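# A structural walkthrough
If you want the building blocks of each chain, they are given just below.
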Amino acid sequence: AAAAATAAAAMGKTTDFRGPGARPDPVRSFNRWKKKHSHKQSQKKQLRKQLKKPEWQVEREVISRLMLNYGKINVNEITRFSDFPLSKKTLKGLQEAQYRLVTEIQKQTIGLALQGKDVLGAAKTGSGKTLAFLVPVLEALYRLQWTSTDGLGVLIISPTRELAYQTFEVLRKVGKNHDFSAGLIIGGKDLKHEAERINNINILVCTPGRLLQHMDETICFHATNLQMLGSDEADRILDMALLNTMNAIENLPRNVQTCFSQQQKSVKDLARLSLKNPEYVWVHEKAKYSTPATLEQNYIVCQLQQKISVLYSFLRSHLKKKSIVFFSSCKEVQYLFRVFCRLRPGISILALHGRQQQMRRMEVYNEFVRKRAAVLFATDIAARGLDFPAVNWVLQFDCPEDANTYIHRAGRTARYKEDGEALLILLPSEEKGMVQQLLQRKVPVKEIKINPEKLIDVQKKLESFLAQDQDLKERAQRCFVSYIRSVYLMKDKEIFDVSKLPIPEYALSLGLAVAPRVRFLQKMQKQPNKELIVSQDKKVSEPRAPSLSNDEVEEFRAYFSEKMSILQKGGKRPEETEDGLVNGISDEEEEEKESEEEVEEKLGKAKEYQPHSGPSTDESQKHKEAPMQFLDRDDDNEEEEDELGADFFKVKRHNVFGLDLKENKALQ
Ligand SMILES: Nc1ncnc2c1ncn2[C@@H]1O[C@H](COP(=O)(O)OP(=O)(O)OP(=O)(O)O)[C@@H](O)[C@H]1O
């Protein structure tokens, strides 16, 4: 008994040794009751006191307490979101979405952002960068007790519509207990419809082009109260010149906090950002590899004319898997999607590219998310930031323009601790240069060989499809030209050498009996030294990657520089710029039958920045009851139309950030 009493005392407990049946000590029981009673009384008193106060005041006190703890954040002690001084509403949202433990980038950046610093974070693909900036966004408005009448408080810019949509969905999930509203403005729907609602949005998720358009055309749109600007693809947005533009010309208020992340550390980006109190966080700077450890990466080398058979054979042997296949142009995706549907490999095939109408893009995105086994044929529109769950394989059918694009594409698998495999198909002429680039960027790729016995040749089948279907044949021709052109336009001539392509064999492999005439190739052969390059400072296109996202950048630049020159000339559109965008991108010889479509494709890509429609009343109706209201896209099947040109140049952008004119002038 003595030993037991010592042990109990050591654990700080009191033990009654009078044995069972003995009566409890009345003095001790009374004391215990008294303590409990007085605690309850004081709690009641506090509650009564609080009840007298208005809700906002109680909340303000809570906020003050939280903010007092901002200074005490110690990164080394943080393992869960609840270790940060976050509002109950955010924590509840995170918990309900099953987010409890923080990832490294979240751990390192959320505290800094809460403290009001401008944050630029870099971390590998799939490491949780989206929440790293969404959590501070929610807290920023919560701290200020933002309401719908306060207008736009946070702007989140995403390079593609799909990424904007996905970011919006995550925001909706984790922010659902907050009272402010959020809206998605990405084009694809009537501008007027958005314009009527835009000023009731507190957090706006948008694509750059649509934002610019509202700045131009929505008279009532203003961002005078803007508190924060965020993006998880900062480098891309910077490439699109938007931030520079906004900082230097578009008069972004200087007290706006920025919260950015991207996949790779970039010194260049630091210079490009004019941040007020910047903190740069490179989470994986010292990591051995720049891709996730759970990502297995291999490449194969094969002849161009074998690639379609390799893809078919790959799909036949991965029928239960979820895969994304990246191509370099929309027309390849369009043709090969059709052909593969006819080949019936035994797995669902989906296609995602920039020439689809917006609603279709969203449907495909959602369908692929839902499916357990499927293959998505995509352009680089799907390469950045998209978080498709449980993708097993990423296959790069066409060589990416550089190592960075490779990493973005491969990063669609092996996300957040999951496993994944990436396979890159290289032509013999691409192998040396690309593998070298990848190793330099700390990407561990190994060569593997195809088992020739497993290779199923589909060329004969394609030939017979084309013999019966004129439309398909024309698609094959367009695919052919489009691919050749994409190689021709690649910047890195060490890797991409159009003269080394086996042209007739490639045509045969697509099912075409003869190779279509490619005039720019013939010209090149005649004048091998004369590159069809126009320098960037002439404001037309330089040779560039054919990928959608790069085209987007070029379109945007061309559009933007033109627009700025107009603004600087007092808003008058010079005659010769009537179709500047068209000229800008199609400066190379466009005399082929193909040319019109090529231009159309490029304009289609430029749609990201064009007047289109977006948000939906249906969805917003659905969420009306919820405290956090969202303006979402319309579920309407309106065909996307390229209303390029004229409209863009009519309206002079107004001062949406409400800075005084003196400052405007100084900045211009
Ligand atoms: N703290 C967390 N706990 C659990 N899952 C998380 C957490 N943070 C993020 N995730 C999940 O990890 C996945 C990847 O996150 P996210 O899309 O933010 O990555 P990313 O770093 O932005 O990737 P990318 O560079 O490709 O854009 C998502 O499915 C997300 O839901």
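Residues numbered from 1 in each chain as written. Predicted model: local features only at pLDDT ≥ 70, side-chain atom pairs only at ≥ 80, totals over all residues. Heavy atoms only, no water.

An unreviewed UniProt entry lists the protein under the name ATP-dependent RNA helicase, from Myotis lucifugus. The Sequence similarities (unreviewed entry) comment attached to the protein in UniProt states, word for word, "Belongs to the DEAD box helicase family. DDX10/DBP4 subfamily." (UniProt positions renumbered as here; feature names shortened; annotations may be inferred.)

### Some thoughts on the layout of surface pockets
In this structure, the largest pocket occupies an estimated 930 Å³ of space. Elements with a minimum of two residues in the lining of the largest pocket: α6 (129-143), α7 (161-174) and α15 (358-370). For the lining of the largest pocket, the residue count by class is 14 nonpolar, 14 polar and 10 charged. (1 Å grid on protein atoms, 1.4 Å probe; cavity = no way out; pocket = protein on both sides within 12 Å on 5 of 7 lines; lining within 4 Å. Points joined across faces, edges and corners; volume = space filled by probe spheres on them. Helix = DSSP H or I, 4+ residues; strand = E, 2+ residues; numbered from the N terminus. Nonpolar A, V, L, I, M, F, W, Y, C, P; charged D, E, K, R; others polar.)

### What about the nonpolar core?
Here is a general trend for soluble globular proteins: nonpolar side chains tend to be buried in one another's company. Counting residues in each nonpolar core, the largest one holds 72 residues, and the members touching the most others are Tyr335, Phe340, Phe377, Phe480 and Ile484. Per-element tally for this core: the top contributor is helix α19 (residues 470-489), with 10 residues. Once you skip the residues sitting within four places of it in the chain, Phe340 turns out to touch Ile308, Leu311, Tyr312, Leu315, Pro345, Ile349 and Phe377. Counting 64 residues, the second largest nonpolar core, distinct from the first, contains Ala123, Ala164, Val170 and Ala374. (Core = buried A, V, L, I, M, F, W, Y, C linked by side-chain atoms within 4.5 Å. Buried < 20%, exposed > 50% of the residue type's maximum accessible area, 1.4 Å probe, protein only. Contact = heavy atoms within 4.5 Å.)

### Quick word on the pattern of salt bridges
If charged atoms from side chains of opposite charge come close, those side chains can pair. If you walk through the whole model with that rule in mind, you get 22 salt bridges. With its nearest N and O atoms 3.1 Å apart, the salt bridge here joins Lys89 to Asp179. Here the residue Lys89 occupies a position in helix α4 (residues 88-96), and Asp179 occupies one in the loop between α7 and β3 (182-185), the gap between them amounting to 90 residues. Between Glu296 and Lys446 there is a salt bridge, with the nearest N and O atoms lying 3.9 Å from each other. In this pair, Glu296 is assigned in strand β8 (residues 295-301) and Lys446 in strand β14 (residues 446-447), connecting sequence segments 150 residues apart. On the basis of relative accessible area, Glu296 is assigned to the partly exposed category, the value being 36%. Because the salt bridges share partners, they merge into one network encompassing Glu59, Lys89 and Asp179. (Salt bridge = Lys/Arg side-chain N within 4 Å of Asp/Glu carboxyl O.)

### Describing the site of the ligand
Of all residues adjacent to the ligand, which total 20 residues, the nearest are Leu101, Lys129, Thr130, Asp387 and Arg412. Backbone polar atom of Leu101 to a nitrogen atom of the ligand: 2.6 Å apart, as the coordinates give it. Contacts to the ligand include Lys129, whose side-chain N or O atom sits 2.7 Å from an oxygen atom. Applying the majority rule of atoms within 2 Å of the grid points places the ligand in the largest pocket. In terms of residues, the shell around the ligand owes the most to one element, α6, which gives 3 residues. Residue classes in the shell around the ligand are distributed as 5 nonpolar, 8 polar and 7 charged. Among the domains, domain 1 (57-282) and domain 2 (295-462) are the pair contributing at least three residues each to the shell around the ligand. (Near = heavy atom within 4 Å. Polar contact = N/O pair within 3.5 Å; in protein donor to acceptor, adjacent residues only side chain to side chain. Sits in = over half its atoms within 2 Å of the grid points. Domains from an automatic or database assignment.)

### Describing the domain arrangement of the protein
Considered domain by domain, the protein is made up of domain 1 (57-282) and domain 2 (295-462). Computed over C-alpha atoms only, the centres of domain 1 and domain 2 are separated by 32 Å. Between domain 1 and domain 2, the contact holds 17 residues from the first and 19 residues from the second. Between domain 1 and domain 2 lies a buried interface of about 1700 Å² when both sides are counted; carbon and sulfur atoms form 50% of it. Where domain 1 meets domain 2, there are 2 salt bridges. Among the ionic pairs, Glu233 bridges to Arg384, the shortest N-O distance being 2.7 Å. At the surface where domain 1 touches domain 2, the tally comes to 8 residue pairs in polar contact (both at pLDDT 80 or more). Within the residue set of the side of domain 1 that touches domain 2, elements represented by two or more residues are α7 and α10 (234-239). By residue class, the composition of the side of domain 1 that touches domain 2 is 3 nonpolar, 9 polar and 5 charged. (Buried area = accessible area lost by both parts, 1.4 Å probe.)

### Notes on the packing of aromatic side chains
If you walk through the whole model with that rule in mind, you get 12 aromatic pairs. With 5.4 Å between their ring centres and 75° between their planes, Phe340 and Phe377 make a pair best called edge-to-face. Of this pair, Phe340 sits in helix α14 (residues 330-343) while Phe377 sits in strand β11 (residues 374-378); the two residues are 37 residues apart in sequence, bridging distant segments of the chain. Neither Phe340 nor Phe377 differs from the other in exposure class; each is buried. Centroid distance Phe480 to Tyr506: 5.5 Å. Interplanar angle 20°. Geometry classified as stacked. Of this pair, Phe480 sits in helix α19 while Tyr506 sits in helix α20 (residues 503-509); the two residues are 26 residues apart in sequence, bridging distant segments of the chain. (Phe/Tyr/Trp six-rings, centres within 6.5 Å; stacked < 30°, edge-to-face > 60°.)

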